[in-house]
Amino acid sequence: MEKQQSDLERERQYCELCGKMENLLKCGRCRSSFYCSKEHQKQHWKKHKLICKEADKAQVPKQTPEPTPPSGDHKEPEKPREKISPEEADSASPPRNTDTEAPEVSDRPGEDGSKDTATPNGQTSSSPQKLATEYIVPCMNKHGICVVDNFLGAETGLGILENVKALHKTGKFTDGQLVSQKGDSTKDIRGDKITWIEGREAGCEKIRFLMSRMDDLIRHCNGKLGNYTINGRTKAMVACYPGNGTGYVRHVDNPNGDGRCVTCIYYLNKDWTAKEHGGLLRIFPEGKAQFADIEPKFDRLLLFWSDRRNPHEVQPAFATRYAITVWYFDADERAKAKEKYLTGAGEKGVKVELGKPSDPS
């Protein structure tokens, strides 16, 4: 029971201020809240200190060192309008005062001396149903963005990558097109090469398995993601950025209500580092000052709302970057879109019914 509770807590880790889900630091006082940086912890401390004090009192006393105060100016910093670098933060050390200062965030998740070797998001041990209902649903409904690492495991992921590389060699990939525009001018907007896969094509067996697993997750989420009732999806769009500095400018997947409600992307890029290879997916959540940077790491699944709430861009990639994207349809919006002839989106407009639950592996 303790192990299940630990897994659940790890699956819900995100920065309390900006919602980022990678490279998190743990609050050294309550040890139950997380931040992407000390600066964000300081900015959130006015709200968090009430919860932190309660959690601190509720914990069984342990022989642990008292939390040390963070470095940084004591006065409340202004709310950032964009992601801030460490160089922009203050560095003076304030006097110790546990009522007004945030405790140190010095622990990385999973680095507190425990024997747990799960990844920060902890998805590897979760069943599809648990992953969907206890992690993806609350994460999507709160943030509109959800990252799942180690989705299928290395062996399956490599099999999918081999399918994609074989497809790429056949020459079936074509220049990516925009929903509302076709022509050479799109090359200035998006630089990817794409092909559409149903999953029954020869040599695409592993891609088909991926799609069935995506369907499993969405089926378990259905009826709980916002107000959507999901009744189908597109074919899978297999995309390759060739690594010559191409990307995709800031855009919205579904700006005009074509029925797509959830964007689901699976990444296939081994040993990818944004500093060396670029290719970040940067999301600008509507109404938030911060943006979210998602690295296209191998065996990573990303979900986010497809509509105007999540404008996003693919930054220039300097190595071959593979991804597989599926869009899921809301039944009501899709029906209305058909009536209004808003679905002239090529393969994006081809509805595929959700498959039967996949066989457990």
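Provided above is the structure to which this section pertains.
Residues numbered from 1 in each chain as written. Predicted model: local features only at pLDDT ≥ 70, side-chain atom pairs only at ≥ 80, totals over all residues. Heavy atoms only, no water.

Visitor: Looking at this structure, how should I read the overall build of the protein?
Guide: The number of helices and strands found in the protein is seven helices and 14 strands. Taking all 361 residues of the protein together, 48% fall into the buried category. In the protein, 77% of the contacts between residues at least 6 apart in sequence involve partners at least 24 apart. For the protein, the accessible surface area stands at approximately 18700 Å², while carbon and sulfur atoms represent 49% of it. (Helix = DSSP H or I, 4+ residues; strand = E, 2+ residues; numbered from the N terminus. Buried < 20%, exposed > 50% of the residue type's maximum accessible area, 1.4 Å probe, protein only. Contact = heavy atoms within 4.5 Å. Areas by Shrake-Rupley, 256 points an atom, 1.4 Å probe, with all protein chains shown as cover.)

Visitor: Even after reading the chapter, I still don't get the environment of Pro316, so can you show me in this structure?
Guide: Along the polypeptide, Pro316 turns up in strand β13 (residues 312-317). Sequence spacing of Pro316 and Val249 is 67 residues, and the spatial spacing of their C-alpha atoms is 9.3 Å. Setting aside its immediate chain neighbours within four residues, Pro316 contacts Gly245, Thr246, Gly247, His277, Gly278 and Gly279.

Visitor: In this structure, what is going on with the packing of helix α3 (residues 128-143) against helix α5 (residues 205-221)? I would like to understand it.
Guide: When two helices pack together, their arrangement is given by the angle between their axes and by how far apart the axes lie. For the pair α3 and α5, the least separation of the axes is 8 Å and the interaxial angle reads 60°. Considering their axes alone, α3 and α5 lie oblique with respect to each other. The two elements α3 and α5 cross, and the hand of that crossing is right-handed. Facing α3, whose interface residues are Pro128, Gln129, Leu131, Ala132, Thr133, Ile136 and Val137, α5 presents Leu217, His220 and Cys221. (Axes fitted to C-alpha atoms, helices over the stretch in contact; angles between N-to-C directions. Parallel < 35°, antiparallel > 145°, perpendicular 65-115°, else oblique. Left-handed = near helix turned anticlockwise from the far one by under 90°.)

Visitor: I keep staring at the nonpolar core and nothing clicks. Help me out?
Guide: One recurring pattern in soluble globular proteins: nonpolar side chains tend to sit buried together. Core analysis: the largest hydrophobic core is formed by 43 residues, its most contacted members being Ile136 and Leu303. The set of elements that each furnish at least two residues to this core consists of α3, β3 (145-148), α4 (154-169), α5, β7 (236-241), β9 (260-267), β12 (300-305) and β14 (321-330). Apart from the residues within four sequence positions on either side, Ile136 is in contact with Leu131, Cys146, Val148, Leu217, Cys221 and Leu303. (Core = buried A, V, L, I, M, F, W, Y, C linked by side-chain atoms within 4.5 Å.)

Visitor: Looking at this model, I keep getting lost on the pattern of salt bridges. Mind explaining?
Guide: As a working rule, side chains carrying opposite charge can pair if their charged atoms are close by. Under the defined criterion, the tally for this structure stands at ten salt bridges. A salt bridge links Lys193 to Asp175, with the shortest nitrogen-to-oxygen separation between them at 2.4 Å. Placement of Lys193 in strand β5 (residues 193-197) and of Asp175 in strand β4 (residues 174-175) is noted, with a sequence separation of 18 residues between them. Take Lys193: its relative accessible area is 32%, and that puts it in the partly exposed class. The structure contains a network of salt bridges with shared partners spanning Arg213, Asp216 and Arg219. (Salt bridge = Lys/Arg side-chain N within 4 Å of Asp/Glu carboxyl O.)

Visitor: Help me understand unusual backbone geometry in this model?
Guide: A negative phi angle is the norm for most residues apart from glycine, just as the trans form is the norm for most peptide bonds. The phi torsion at Asn150 lies on the positive side, around 50°, for a residue other than glycine. Relative to the helices and strands, Asn150 resides in the loop between β3 and α4. Phi at Asp299 takes a positive value of approximately 65°, unusual for a residue other than glycine. Owing to a relative accessible area of 2%, Asp299 belongs among the buried residues under this scheme.

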